[in-house]
Amino acid sequence: MKRLVLLRHAKADPDKPGQDDRDRPLAERGRADAIRMGQFLKESDCVPELVLCSSAQRTRQTLELVLPQLGAAPAVKYLDELYLARWLNIVNIVRVAAKAVGVLMVVGHNPGLEDCARKLARPPGDAQARKLHEAMREKFPTGAVAVLDFDSSDWAGIQPSGGELEHFTGPKDLV
């Protein structure tokens, strides 16, 4: 089994005139949300062995606040290719992860991250799964995480509609 954790960066400051979008830092609320989401990931047995993180400042800062909460030190790779990546680009990046990695986390941006979660999640089979899917369809807020489990022995085998949506949680769900 492979577990994919898709974490949207926490709330960022609004862009300022002349500021490159990649350089936007986290807002104060985003900093608190990132810590809370890190605690949730640990409590939910979603601690990654490998993290692939967009190189944007807000994703890096989100990860810097999440990591101490996990109680582990996963390998981290910062990738320019994840900055505002489309869903299929995200999937293709994930597919080349080492077979030995069981839990992989991507820290990225919308709309690509949300689209990725929606495309990879299989249709819901029961009331609990429908509730998670509906919440994800309604809104994938900053700081939210979608966790998908795949019955695959390697990352190259993940396919659209192939993952079971195990968790979908945003910072406001944890207050």
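About the thresholds
- For every chain, the first residue of the written sequence is number 1, and numbering continues from 1 along that sequence.
- A pLDDT threshold of at least 70 governs which residues receive local features in this predicted model, and a stricter bar of 80 or more applies before side-chain atom pairs are shown or counted, although totals over entire chains, interfaces and linings include all residues.
- Each side-chain value is derived from all of the structure's non-hydrogen atoms; neither hydrogens nor water enter the calculation.
- By definition here, a salt bridge exists when the distance from a side-chain nitrogen of Lys or Arg to a carboxyl oxygen of Asp or Glu is within 4 Å.
- Numbering of helices and strands starts at the N terminus; helices are DSSP runs of H or I of at least 4 residues and strands are runs of E of at least 2.
- Relative accessible area decides the class of each residue, using a 1.4 Å probe on protein chains only: under 20% of the type maximum gives buried, over 50% gives exposed, and in between gives partly exposed.
- Cysteine sulfur atoms are paired as a disulfide whenever they fall within 2.5 Å.
- If DSSP finds at least two bridges between two strands, the strands pair.
- Cavities and pockets are found on a 1 Å grid laid over the protein atoms alone: a cavity is a set of points where a 1.4 Å probe fits but cannot escape, a pocket is an open set with protein on both sides within 12 Å along at least five of seven lines, and a lining residue has an atom within 4 Å of such a point.
- Grid points are joined across faces, edges and corners, and a volume is the space filled by probe spheres set on the points.
- Polarity classes work like this: nonpolar for Ala, Val, Leu, Ile, Met, Phe, Trp, Tyr, Cys and Pro, charged for Asp, Glu, Lys and Arg, and polar for all others, with Gly in that last group.

### Regarding the pattern of salt bridges
Opposite charge on two side chains permits pairing when their charged atoms draw close.
Now for step 1: One pass over the full model with this rule turns up 7 salt bridges.
Now for step 2: Put simply, Asp149 and Arg3 hold a salt bridge, and the shortest N to O gap is 2.6 Å. Of this pair, Asp149 sits in strand 5 (residues 145-150) while Arg3 is found in strand 1 (residues 2-8), placing the two residues 146 residues apart along the sequence.
Now for step 3: Taking relative accessible area as the criterion, Asp149 reaches 9% and is therefore assigned buried.
Now for step 4: Residue classification places Arg3 among the buried residues on the basis of a relative accessible area of 11%.
Now for step 5: In this structure, Arg58 and Asp21 form a salt bridge, with 2.9 Å as the shortest nitrogen-oxygen distance. Of this pair, Arg58 sits in helix 2 (residues 57-70) while Asp21 sits in the loop between strand 1 and helix 1 (28-43), and the two are 37 residues apart along the sequence.
Now for step 6: The exposure class assigned to Arg58 is buried, which follows from its relative accessible area of 3%.

### Describing the environment of Ala121
Now for step 1: Within the fold, Ala121 resides in the loop between helix 4 (112-120) and helix 5 (127-138).
Now for step 2: Owing to a relative accessible area of 6%, Ala121 belongs among the buried residues under this scheme.
Now for step 3: Separated by 99 residues in the primary sequence, Ala121 and Arg22 have C-alpha atoms spaced 29 Å apart.

### Side note on the state of the cysteines
Now for step 1: Here the structure, examined in full by the defined rule, presents 0 disulfides.
Now for step 2: Here Cys46 is not cross-linked by a disulfide; its sulfur's nearest cysteine counterpart is in Cys116, at 16 Å.
Now for step 3: Lacking any disulfide linkage, Cys116 is separated from the closest cysteine sulfur, that of Cys53, by 15 Å.

### Here we look at the pairing of strand 1
Now for step 1: Within strand 1, 7 of the 7 residues are buried, which leaves it mostly tucked inside the rest of the structure.
Now for step 2: The two faces of strand 1 match: Lys2, Leu4, Leu6 and Arg8 on one face and Arg3, Val5 and Leu7 on the other face are all buried.
Now for step 3: Sheet analysis places strand 1 next to strand 5, joined by 6 bridges and oriented antiparallel. Looking across to strand 5, one finds that Leu7 is bridged to Val145.
Now for step 4: Here strand 1 pairs with strand 4 (residues 103-108) via 6 bridges, running parallel. Considered in strand 4, the bridge of Arg8 is made with Gly108.

### Points about the layout of surface pockets
Now for step 1: One number sums up the size of the largest pocket: a volume of about 420 Å³.
Now for step 2: Taken together, 17 residues make up the lining of the largest pocket; nearest its centre are Lys139, Pro141, Gly170, Lys172 and Asp173.
Now for step 3: Mapped by element, the contributors of at least two residues to the lining of the largest pocket are helix 1 and helix 5.
Now for step 4: Looking at which element gives the most residues to the lining of the largest pocket, the answer is helix 5, with 5 residues.
Now for step 5: Its residues assigned to classes, the lining of the largest pocket comprises 5 nonpolar, 3 polar and 9 charged.

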